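One letter stands for each residue in the lines below.
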Amino acid sequence: MRSLLFLGLSASIGHAANSTIYNPIFPGFYPDPSCIFVPERDDTFFCASSSFNAFPGIPIHASKDLQNWKLIGHVLNRKEQLPRLAETNRSTSGIWAPTIRFHDDTFWLVTTLVDDDRPQTDFTRWDNIIFKGKDPYDLASWSNAIHFNLTGYDPEPFWDVDGKVYINAAHAWQVGPYIEQAEVNLDTGEVGEWNIIWNGTGGLAPEGPHIYLKDGWYYLLAAEGGTGVNHMVTMARSKNVSGPYESYEDNPVLSNANTTSLFQTVGHADLFQDGNGNWWGVALSTRSGPEYFHYPMGRETVMTAVSWPEGEYPIWTPISGEVSGWPLPPAALDVKGAGPFVNHPTPELLTFSNTSSLPAHLTHWRYPNPSFFVVSPPEKPNTLRINPSNINLTALNGNYAGPGGQSFISRRQQDTLFTFSVDLDFSPTVIEEEAGVSAFLTQNHHLDIGIVLLPPSASTAILLPGQPAEQEEEALIPQIRFRGESYVPVPKPIIAPVPKAWRGGKLRLEIKAANRTHYSFSVGPAERQSLMQTLLYASNDPVSWGFTGVLLGVYATNNGRKGTTPAYVSNWQYLPQGQFRD
């Protein structure tokens, strides 16, 4: 049986156990980490993560002590920066792995917008892009996308000692599984000829390259094995930036493949130093165990200590829930930025007052229609008004949503055990008008409970067991509906009339992690929570899949009909209740 909270196993790399790192450092959907230390910016560490179809995209976290990490903003924060994110087709499309670097007093963020529905041989599948900015705390500082040609993904910039600048990247692996390199003008996106510099060690899909110059050697780090349970970190080195690179004989340098650890899929790593010259590594991991069935938070960011002897390859501490590491900088919470500290298990209560805006950590799926969301509207102050979108969470086909936007706003699931709930004021008048809450992974993987206007004949259940069915005089009545979408079996839809005594008032909708493997979905009158009824328990296996992690949020839709009735959300709560780390 797995233990709860901070009961993980420690591991060391031969140095004194001077600190303890608790993994994941970024709980929830924060994969493909890239991190740097910038002494010129108040001795601050900055990390970027991939975001796929989520918006705002490419979150940036900052810390001064490697212990307290704050969401300071997003690189992709305006539609005009990259309009094509609105057009992506498939849930695995969008912004793939970024690399963040600092050079000449400028932050550089290089990444790929991937149309994953197109063949790997189609060069239009890969839209490789550069963002640059002077101040990562200022959203307006980040530039519009600068595009460059590459039939591949996972690009990183590298400045050599002679002043030349390169892009290192993964070629489309189903076409040619190798790491390639070209000279680049980062200001214009002009690239030179692409050359193969390493074929990897033979593992599936060599990708995520990073080059580090140390002790006269160019060390090349990459991920191999695919982003599942065979994921691993491998390395090679050369005396020349363009190779040839010789593989390390003791590869992989980091992997949890073929272990019983809760932390699996470890890979896609980056290395950086702190102010004392100590080395640290970050990577992605899923808390799935080797069974790889239940991991709704998806691929998260983990950190470990690294020892890098002169002239040798680095030695990584294995990833676990608790990792012994180098001495840490003094604790510091004076980090700028509008977002929360991501690794603080703090209860969240959003009241949507007329002096507030939407918090920085709230997330949409692709670009939202700004008119769909109004904070503290005059007709119902201290609520969030959500106007319905024509499409629901599955949208057109489970992959494409069209340009109109979805009425969905969410926050990441960041704890193994939690309760997420909202008060919903919603009076539908047209058939199939619906508003509710969702455990949303992608358009084709989500579990929802909502209020929807349907005929009485649509009912399949009675919410209050032991109570006789109420006689209905209306042709359409508000009903509670659960339904799910996934590539694996989901519970059958449940439709139960809202009890007459509950109609006309606010309802409380709740999603709770009952344990590591199941959610409960509940509803009741907002003013009398003792009457809350659990509609069902559902496995989180249907939302444990792919590249992203569960978003907990609220939606409103007319399900393709003509309805325009808004939903009003208040008393938004997320309560962390436990974290499994081993």
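Described below are features of the structure shown in this document. Note that the structure is a prediction, hence the values are computed from the model and not measured.

**Here's the deal with the overall build of the protein**
At step 1: Helix and strand counts for the protein come out as 0 helices and 40 strands.
At step 2: Its C-alpha atoms give the protein a radius of gyration of 24 Å, within 12% of the compact-globule value 25 Å for 582 residues.
At step 3: Principal-axis analysis of the C-alpha atoms places the extent of the protein at approximately 80 × 50 × 45 Å.
At step 4: Expressed as a percentage of its 582 residues, the buried residues of the protein come to 61%.
At step 5: Intrachain contacts of the protein at a sequence separation of at least 6 include 63% that bridge at least 24 residues.
At step 6: Surface exposure of the protein reaches about 21400 Å², of which carbon and sulfur atoms provide 52%.
At step 7: In the protein, 38 positive and 57 negative side-chain charges are present, and the distance between their average locations comes to 8 Å.

**Re the environment of His364**
At step 1: Looking at the secondary structure, you find His364 in strand S27 (residues 364–365).
At step 2: Sequence spacing of His364 and Arg411 is 47 residues, and the spatial spacing of their C-alpha atoms is 8.7 Å.
At step 3: Excluding residues within four positions of it along the chain, His364 makes contact with Asn53, Ala54, Phe55, Phe373, Phe408 and Ile409.
At step 4: Side-chain polar atoms of His364 contact the backbone oxygen of Phe408, separated by 3.0 Å.

**Things to note about empty space enclosed by the protein**
At step 1: The tally for this structure, following the rule as stated, stands at 5 cavities of 30 Å³ or more.
At step 2: Surrounding the largest cavity, 17 residues form its lining, Arg287, His294, Pro296, Met297 and Thr416 being those nearest its centre.
At step 3: Among the residues forming the lining of the largest cavity, the class breakdown is 7 nonpolar, 7 polar and 3 charged.
At step 4: The computed volume of the second largest cavity comes to approximately 70 Å³.
At step 5: Residues of the lining of the second largest cavity, tallied by class, amount to 4 nonpolar, 3 polar and 2 charged.

**Thoughts on the sheet that holds strand S21 (residues 263–273)**
At step 1: Judged by pairing direction, the sheet is antiparallel, and its 4 strands sit side by side in the order S21-S22-S23-S24 without closing on themselves. Strands at the two margins of the open sheet, each flanked by one partner only, are S21 and strand S24 (315–316).
At step 2: Where S21 and strand S22 (residues 279–287) come together, 7 bridges link them in antiparallel fashion. Along S22, the bridge assignment pairs Asp270 with Val282.

**Topic: the state of the cysteines**
At step 1: Overall, the coordinates contain 1 disulfide when judged by the stated rule.
At step 2: Each disulfide pairs two cysteine sulfurs, and for Cys35 the partner residue is Cys47, the sulfurs being separated by 2.0 Å. Taking the sign of the S-S torsion, about 115 degrees here, the bridge from Cys35 to Cys47 comes out right-handed. Of this pair, Cys35 sits in strand S2 (residues 34–38) while Cys47 sits in strand S3 (residues 44–48), and the two are 12 residues apart along the sequence. A single burial state applies to Cys35 and to Cys47, both of which are buried.

**Describing the pairing of S22**
At step 1: Across the 9 residues that make up S22, a large majority, 9, are buried.
At step 2: Of the two faces of S22, both are covered, the one formed by Trp279, Gly281, Ala283, Ser285 and Arg287 as well as the one formed by Trp280, Val282, Leu284 and Thr286.
At step 3: The antiparallel pairing of S21 with S22 creates a hairpin that spans 5 residues between the two strands, and Gly277 there sits at a positive phi of about 85 degrees.
At step 4: The sheet contact formed by S22 and strand S23 (residues 299–307) spans 8 bridges and is antiparallel. Within S23, the residue paired with Trp280 across the bridge is Ala305.

**Remarks on unusual backbone geometry**
At step 1: The amide bond that connects Asn23 to the next residue, Pro24, takes the cis arrangement and shows omega of -5 degrees.
At step 2: Relative to the assigned elements, Pro24 resides in the loop between strand S1 (19–22) and S2.
At step 3: Between Asn251 and the following residue, Pro252, the backbone shows a cis peptide bond with an omega angle of 0 degrees.
At step 4: As for its placement among the helices and strands, Pro252 is situated in the loop between strand S20 (246–247) and S21.

**With respect to the sheet that holds strand S35 (residues 494–497)**
At step 1: On the basis of which strands lie adjacent, the open sheet formed by 6 strands has the order S30-S39-S32-S33-S34-S35 and antiparallel pairing. In this open sheet, the two edge strands, each paired with only one partner strand, are strand S30 (408–412) and S35. Ignoring strand direction, the axes of neighbouring strands in this sheet form an average angle of 20 degrees.
At step 2: Looking at chain direction, strand S32 (residues 434–442) and strand S39 (residues 551–557) are connected through 7 bridges and run antiparallel. Residue pairing across strands places Val437 opposite Val554, the latter belonging to S39.

**Overview of the environment of Ser459**
At step 1: Mapping Ser459 onto the fold places it in the loop between strand S33 (445–454) and strand S34 (477–485).
At step 2: Look at Ser459 and you get partly exposed, because its relative accessible area is 26%.
At step 3: When the C-alpha atoms of Ser459 and Ala496 are compared, they prove to be 5.3 Å apart, with 37 residues separating the residues in sequence.
At step 4: Once residues lying within four places of it in the same chain are set aside, the contact partners of Ser459 are Gln479, Ile495 and Pro497.
At step 5: A polar side-chain atom of Ser459 sits 3.0 Å from the main-chain carbonyl oxygen of Pro456.

**A short note on the nonpolar core**
At step 1: Core analysis: the biggest nonpolar cluster contains 68 residues, and Trp316, Phe420, Tyr519, Phe521, Val569 and Trp572 have the highest contact counts within it.
At step 2: Here the element with the most residues in this core is strand S31 (residues 417–425); it accounts for 5 residues.
At step 3: Discounting residues that sit within four places of it in the chain, Phe420 has contacts with Val437, Leu509, Glu510, Ile511, Leu552, Gly553, Val554, Trp572, Gln573 and Tyr574.

Cut-offs used in this document
- Residues numbered from 1 in each chain as written.
- Predicted model: local features only at pLDDT ≥ 70, side-chain atom pairs only at ≥ 80, totals over all residues.
- Heavy atoms only, no water.
- Helix = DSSP H or I, 4+ residues; strand = E, 2+ residues; numbered from the N terminus.
- Rg over C-alpha atoms; globule rule 2.2 N^0.38 Å.
- Buried < 20%, exposed > 50% of the residue type's maximum accessible area, 1.4 Å probe, protein only.
- Contact = heavy atoms within 4.5 Å.
- Areas by Shrake-Rupley, 256 points an atom, 1.4 Å probe, with all protein chains shown as cover.
- Lys, Arg positive; Asp, Glu negative; His and termini not counted.
- Charge placed at Lys NZ, Arg CZ, Asp CG, Glu CD.
- Polar contact = N/O pair within 3.5 Å; in protein donor to acceptor, adjacent residues only side chain to side chain.
- 1 Å grid on protein atoms, 1.4 Å probe; cavity = no way out; pocket = protein on both sides within 12 Å on 5 of 7 lines; lining within 4 Å.
- Points joined across faces, edges and corners; volume = space filled by probe spheres on them.
- Nonpolar A, V, L, I, M, F, W, Y, C, P; charged D, E, K, R; others polar.
- Pairing = 2+ DSSP bridges.
- Disulfide = S-S within 2.5 Å.
- Axes fitted to C-alpha atoms, helices over the stretch in contact; angles between N-to-C directions.
- Core = buried A, V, L, I, M, F, W, Y, C linked by side-chain atoms within 4.5 Å.

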